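Summary of structural features
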Amino acid sequence: MDRLALALCVALCSIGIAAAADPSGYRKAYFGATKAGTFAQYVMKIEGQADIGSTITRLPDENGQQRVQLRIEYQAAGTPSVAFTDYVLKTGYSLETDALGYGKALVAMSVSAPGTKPTVMPAAVLDNARKTMPDYAASAVFMGTDNIGGKDSGHFRYVQRHPGNPETIETGEIWLNETVPFGLMKQKAVTAEPNGKVVSRFETLLVDSGNRSAPVSADGASSSKAPGPVALADAFRSGRVELAVSVLPAGGDGRTLSIGFRNKTDDVLRLTIPAGATNLDVGSPLDTLKLVAASATALEIAPGATSKPVLLSQTGTRRAIDGAFAVTVFEGTPLFSGSATMGSVAR
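The residue count restarts for each chain, going from 1 along the sequence in the order it is written. Given that the model is predicted, a residue must reach a pLDDT of at least 70 before its local features are reported, and side-chain atom pairs must reach 80 or more before they are shown or counted; all residues, however, enter totals for whole chains, interfaces and linings. Side-chain metrics in this entry use all non-hydrogen atoms of the structure; hydrogen atoms and water are not considered.

Observations regarding the sheet that holds strand S13 (residues 241-247)
Hydrogen bonding along the main chain pairs the strands of a sheet, whether they run parallel or antiparallel. Under the convention used in this document: A pair of strands counts as paired when DSSP detects no fewer than two bridges linking them. A run of DSSP states H or I qualifies as a helix once it reaches four residues; a run of E qualifies as a strand once it reaches two. Both are numbered from the N-terminal end. What counts as an axis is a line fitted to C-alpha atoms, over the stretch in contact for a helix, and the angles between N-to-C directions run from 0 to 180 degrees.
Taking strand neighbours across the sheet as the criterion, the 7 strands line up as S16-S17-S19-S14-S13-S20-S21 in an open arrangement whose pairing is antiparallel. Both edges of this open sheet fall to strand S16 (276-283) and strand S21 (333-344), since each of them pairs with a single strand only. This sheet shows a mean twist of 30 degrees between the axes of neighbouring strands, independent of strand direction. Judged from the 4 bridges that link them, S13 and strand S20 (residues 318-330) form a sheet pairing that is antiparallel. Its bridge partner lying in S20, Ser246 is registered against Ala324.

Right under this line is the structure:
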């Protein structure tokens, strides 16, 4: 896995996802829903960069030790990429007590990409990860309760200092809810130098969460019994599938898309893409994604897995002519992340 992917894994874990530590810093325990198999999916918006998708999952325990997996989806030279980081925590550490400040409990860490063997990180990297995991609870100030995504969420402000030359200061806000695995509903922050020069801005928002008894990160069906087949339009509208879309350069008009389909459910998804047209309401900026399949395709996708890319045609006079993006539906609302250049194409 390339250095960018590793850096993103560490950064997302230590900045964009890790949003709590000692529960005594908050007014209630927010992490009881973080059982084995639970996950939380986020989109991270960074000023001046393409959106980054991430999914954090509590893996099954091994040898009495709890484990966490972080999956990130990012752009590398304009190409959609996926990277995984697995964390093993010291015996006795409880994610249900502190599901996000687990950096201090790391005893092992490995990184991988789809189709590759995990690379175990050396002691120096592991030690750095332990040291850089922030403790927002130390400076958290309760601001009240806000409705985030239909859930009453505790709103806290924090200030975190990051050593360096020069030192940087992160000033941010987090929203926590006890019914969500890992507790985090939303986070936004600005990092600046002491002279006020802004280094970065980001906002992280929960887009999905749930429980999958056997998380997987590669193609292939699981051993669980698969429900009946479901058409792409129905699977998308009901929030059961996420599309990772890349606009291919052929023709220069967005006529050909490469799409990976990620199963968001806890069961095997038997997805059918019918021959002919399928129109999906994906929200701004695309509004309607108009797809055409030359022939019918049937996919069987394990829980949490993404299918191999499928080539589909895109039609419509206004459509994406460049870019890479993901589209899904969460609680009835279409969600778009990534980047797409829109253009008008003659009929």
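Picking up where we left off.
A closer look at the nonpolar core
The line we're drawing: Side-chain atoms within 4.5 Å are what join buried Ala, Val, Leu, Ile, Met, Phe, Trp, Tyr and Cys residues into a set we call a nonpolar core. Relative accessible area decides the class of each residue, using a 1.4 Å probe on protein chains only: under 20% of the type maximum gives buried, over 50% gives exposed, and in between gives partly exposed.
Ranked by internal contacts, the top residues of the largest apolar core, which has 46 residues, are Tyr26, Ile56 and Tyr102. When residues in this core are grouped by element, the largest group, 5 residues, is from strand S3 (residues 65-76).

Some details on the side chain of Thr191
Within the secondary structure, Thr191 is located in strand S10 (residues 184-192). Among the residues examined, Thr191 registers a relative accessible area of 10% and is labelled buried.

Thoughts on the pairing of S16
Sheet analysis places S16 next to strand S17 (residues 287-293), joined by 7 bridges and oriented antiparallel. Looking across to S17, one finds that Ala277 is bridged to Val292. From the end of S16 to the start of S17, which pair antiparallel, there are 3 residues.

What to know about the layout of surface pockets
We apply this condition: Here the term cavity refers to a set of points on a 1 Å grid, laid over the protein atoms alone, in which a 1.4 Å probe fits but cannot get out; the term pocket refers to an open set having protein on both sides within 12 Å along at least five of seven lines, with lining residues being those that place an atom within 4 Å of a point. Grid points are joined across faces, edges and corners, and a volume is the space filled by probe spheres set on the points. Three classes are used: nonpolar for Ala, Val, Leu, Ile, Met, Phe, Trp, Tyr, Cys and Pro, charged for Asp, Glu, Lys and Arg, and polar for all others, with Gly counted as polar.
In this structure, the largest pocket encloses a volume near 820 Å³. Around the largest pocket, the lining is made up of 42 residues, and of these Arg71, Glu73, Pro80, Val82 and Ala244 lie nearest the centre. In terms of residue class, the lining of the largest pocket is made up of 21 nonpolar, 14 polar and 7 charged.

Here's the deal with the environment of Phe142
Where we set the bar: Two residues qualify as a contact provided that any one of their heavy atoms is within 4.5 Å of a heavy atom in the partner residue.
Summarising the element assignment, Phe142 is placed in strand S7 (residues 141-148). With near-sequence residues (within four places) excluded, Phe142 lies in contact with Arg27, Gly154, His155 and Phe156.

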